[in-house]
Amino acid sequence: MADTAAHPVPDRHGQNLFSTDTELQRLLALYLPPDLLAHMQPHFERLGGLAGGLLDELAGTADRNPPTLAHRTRTGLDRQEIVKHPAYVQMERLALSEFGLAAISHRDETLGWKGKMPPLVKYVLTFLFVQAEFGLCCPVSMTDSLTRTLKKFGSPELVARFLPRLTTLDFDTLAQGAMFMTEQAAGSDIAATQTRATQDAAGQWRLTGDKWFCSNPDADFAMVLARPEGAPAGMKGVSLFLLPRTLEDGSANHYRIIRLKDKLGTRSMASGEIRLEGAVAYLVGEPGRGFVQMADMVNNSRLSNGVRAAGLMRRAVAEAEFIASERRAFGKRLADMPLMQRQLQKLRLPAEQARSMVFQTALALARSDGGDAAAYPLLRILTPLIKFRACRDARKVTGDAMEVRGGCGYIEEWADPRLVRDAHLGSIWEGTSNIVALDVIRAVTRENSLPALEAHFGALLAEAEIAPAFAAALRDALGRASALARQAAQEGGDLLARQAASALYHCCSAIAMAWEGARTGSAQRVQWAQGVLLHRVLPRDPLSADAVPAGWNTAS
Ligand SMILES: Cc1cc2nc3c(=O)[nH]c(=O)nc-3n(C[C@H](O)[C@H](O)[C@H](O)COP(=O)(O)OP(=O)(O)OC[C@H]3O[C@@H](n4cnc5c(N)ncnc54)[C@H](O)[C@@H]3O)c2cc1C
């Protein structure tokens, strides 16, 4: 860290991103069982130290040295390779092997903990990792999600054959995953998928077609959507296939990476275009259920995107807070200036909302995967809610936090430009904002998710010891947000989808924050919950000064 007392330009590099995050520690004590928290403490500390130091340096290097595509070896053999910078490979080793971020949910022992880790631990590790490196989190999440989908829908034979490589922590033999779904004419509209699947004389499936966006294109396995010959048009004709990069005899499978995309963000990680030329693939699950099965993979990855957005915002806010406390102007610290305090407060609210929603969604996932049928409709709506709103908020928070660093914030030597570039992708891939907001409404109509959402957050509210007037305001707001979502779910209600999704997200996150604040004795967290309701939900008079309504701060 720079000697800020002697130097006027503050630099937070070298700080431990876990031990300096007291709010995270408070929340972990609330959400994790004490024995697991005690076990994980040194691992969180280690990753926090790396994310604030070495990982951040590696991420900067990998961002400035994007991967390239080599079509041939130097001896002229046609062998495609994505040439990755050593800094990226070092990050892969840390993420996939040392911390086991992709395998953690599928192994009986990771990081010395006997038994399965709850999803929350994976997401807290991801939350810390992504504060340094966003690009690699895509292959990590793809590998985790592909493994989950394979286990859920693949035949026992397929699972037995490929699972060991997807779950090992041995860096030299572990396999990575990807998802090749999008085509030129089929992005949001997956029903328009044109890639064809045919069976050869030996009964082996072969895929032919063009996939337009393929992140981690040299992955060992990819889940691919294709239309078997003779299948009906539309969604019902689409099936799911597992595509290996290498065939059993060690030769390359029959597909080519045509070129890599020149991207605004995630520059450390390759995204390419792929032409399938009779590629060998294995049918996963039932024919014609491709989209439904792929939706499980997409949802897992959407949740990861929400976690990543929360991490990006935390990094941006923590940088801004550090600068404000260290940088001086007009003879004062920036943090002592009222307008700066207001600016920081506006950054903190969405970042803390996302953090609360990560914890709540991770718990719902654990309950749902644990067989609690009532948790599924809750998880089904929380996932698109966090993907939609947190990813949108991350665009604004990272941009506004950049301004707190002044001119340096615009300079590529600092993390701010990378955060801004990366944050913009969250709202595009894995479903654009419109598509994901419509998915919130689909959860309302198809999974009847609203009663589960209202019951869960209503129960948190009943448990939270907060001022009755504030609790009543939160209850009323949640009721109105739910009514708006019901209206959006009616015929022709599409236009309300984004408004309803935002309203539900704000109300649920405010309730979760109030509950957390009351349970951990954090008056600050309760005040943030009030801020969310006042500034992001309730109507405001732009011509009057903000004030917390009378009665919101009296507990009885
Ligand atoms: C860097 C990067 C990496 C990617 N990696 C992968 C990958 O690994 N695998 C993969 O399969 N895909 C990947 N994608 C593709 C990504 O998921 C799609 O680009 C995205 O889903 C949008 O599809 P599209 O590009 O065809 O846009 P379109 O579907 O054409 O959408 C264009 C616009 O229309 C809007 N729109 C569409 N339908 C509706 C509607 N019903 N109502 C209102 N608005 C609507 C959208 O919101 C969007 O704003 C990646 C994309 C990027 C940028």
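Reading the values: rules and limits
- Residues numbered from 1 in each chain as written.
- Predicted model: local features only at pLDDT ≥ 70, side-chain atom pairs only at ≥ 80, totals over all residues.
- Helix = DSSP H or I, 4+ residues; strand = E, 2+ residues; numbered from the N terminus.
- Rg over C-alpha atoms; globule rule 2.2 N^0.38 Å.
- Buried ≥ 20, exposed ≤ 12 C-beta atoms within 10 Å, placed from the backbone.
- Contact = placed C-beta atoms within 7 Å.
- Near = placed C-beta within 6 Å.
- Expected span 1.5 Å × (residues − 1).
- Core = buried A, V, L, I, M, F, W, Y, C linked by C-beta atoms within 7 Å.
- Domains from an automatic or database assignment.
- Pairing = 2+ DSSP bridges.
- Axes fitted to C-alpha atoms, helices over the stretch in contact; angles between N-to-C directions.
- Parallel < 35°, antiparallel > 145°, perpendicular 65-115°, else oblique.
- Left-handed = near helix turned anticlockwise from the far one by under 90°.
- Nonpolar A, V, L, I, M, F, W, Y, C, P; charged D, E, K, R; others polar.
- Arc of directions from axis to C-beta.

**Q** So what's going on with the overall build of the chain? Which residues, and what values?
**A** Summing up its helical and strand segments, the chain has 16 helices and 13 strands in all. Taking 2.2 N^0.38 as the reference for a compact globule, 556 residues should give roughly 24 Å; the C-alpha atoms of the chain span a radius of gyration of 24 Å, in line with that estimate. Per-residue burial over the chain gives 49% buried out of 556 residues. Across the chain, contacts joining residues at least 24 apart in sequence account for 73% of those joining residues at least 6 apart.

**Q** How would you summarise the site of the ligand if you had to cite specific residues and measurements?
**A** Neighbouring the ligand are 22 residues, the closest being Met181, Gly187, Ser188, Phe213 and Thr432. Secondary structure elements with two or more residues in the shell around the ligand: β5 (177-180), β7 (205-215) and α12 (433-446).

**Q** Break down helix α16 (residues 523-537) for me, with residues and values.
**A** With 15 residues, α16 should reach 21 Å at 1.5 Å per residue; the first-to-last C-alpha distance of 20 Å fits that figure. Buried within α16 we find Arg525, Val526, Trp528, Ala529, Gln530, Gly531, Val532, Leu533, Arg536 and Val537. Where α16 is buried, its residues contact α9 (338-369), α14 (468-489) and α15 (497-520).

**Q** Please provide a residue-by-residue account of unusual backbone geometry, values included.
**A** Notably, Glu430 is not glycine yet its phi reads approximately 60°, a positive angle. Within the secondary structure layout, Glu430 lies in the loop between α11 (416-423) and α12.

**Q** So what about the nonpolar core? Which residues, and what values?
**A** Core analysis: the largest hydrophobic core is formed by 169 residues, its most contacted members being Phe241, Leu474, Cys507, Ile511 and Ala514. No fewer than three residues from each of domain 1 (177-291) and domain 2 (447-537) sit in this core. In this structure Phe241 touches Ala197, Trp205, Leu207, Val224, Ala226, Ala281, Tyr282, Leu283 and Val284, once residues within four positions along its chain are discounted.

**Q** Give a description of the pairing of β7 that names residues and reports values.
**A** Inspection of the sheet shows strand β6 (residues 196-199) paired to β7 by four bridges, in the antiparallel sense. Across the sheet, residue Arg196 finds its bridge partner in β7, namely Thr208. If you look at the hairpin formed by β6 and β7, you'll find five residues sitting between the two strands, and Gly203 has a positive phi there, around 85°. The pairing of β7 with strand β11 (residues 271-284) spans nine bridges and is antiparallel. Among the inter-strand pairings, Asp210 is bridged to a residue of β11, identified as Arg275.

**Q** Requested: an account of the environment of Cys508, with residues and values cited.
**A** Residue position: Cys508 is located in helix α15. Distance from Cys508 to Ser356, taken between C-alpha atoms, is 9.2 Å for residues 152 residues apart in sequence.

**Q** Before we move on, could you go through the packing of α12 against α15 and cite the residues and values that matter?
**A** Interaxial distance between α12 and α15 falls to 8 Å at its minimum, and their mutual angle equals 70°. The angle between α12 and α15 falls in the class roughly perpendicular. Along the contact surface, α12 presents Ser433, Ala437, Leu438, Val440 and Ile441, while α15 presents Ala497, Arg498, Ala500 and Ala501.

**Q** Could you give an account of the packing of α14 against α16, naming the residues involved and the relevant values?
**A** Packing of α14 against α16 leaves a shortest axis separation of 11 Å and a crossing angle of 45°. Taken as axis vectors, α14 and α16 run oblique relative to one another. By crossing handedness, the relation of α14 to α16 is classed as left-handed. Residues Phe470, Ala473, Leu474 and Ala477 of α14 form the contact with α16, whose participating residues are Gln530, Leu533 and Val537. Counted by class, the contact of α14 with α16 contains six nonpolar, one polar and no charged residues.

**Q** Account for the domain arrangement of the chain, naming residues and giving values.
**A** For the chain, the assigned domains read domain 1 (177-291) and domain 2 (447-537). Between domain 1 and domain 2, the C-alpha centre-to-centre distance is 40 Å.

**Q** Outline the environment of Pro217, supporting the account with residue identities and numerical values.
**A** Among the secondary structure elements, Pro217 is positioned in the loop between β7 and β8 (221-228). Distance from Pro217 to Ala351, taken between C-alpha atoms, is 32 Å for residues 134 residues apart in sequence. The contacts of Pro217, once residues within four sequence positions are left out, are Ile82, Ala178, Ile257, Ala270, Ser271, Gly272 and Ile274.

**Q** Give a description of α14 that names residues and reports values.
**A** Compared with the 32 Å implied by 1.5 Å per residue over 22 residues, the 31 Å span of α14 between its first and last C-alpha is a close match. For α14, the full list of buried residues reads Phe470, Ala473, Leu474, Ala477, Leu478, Ala481, Ser482, Ala485, Ala488 and Ala489. Down the axis of α14, the buried set is contained in an arc of 170°. They therefore lie on one face. Contacts made by the buried residues of α14 are with α12, α13 (449-463), α15 and α16.

**Q** An account of the pairing of β11 is requested, with residue identities and associated values reported.
**A** Pairing of strand β9 (residues 239-244) with β11 involves three bridges; the strand directions are antiparallel. Looking across to β11, one finds that Leu242 is bridged to Tyr282. Bridge analysis of strand β10 (residues 255-260) against β11 gives five bridges, and the strand direction is antiparallel. Its bridge partner being in β11, Tyr255 is matched across the sheet by Leu276.

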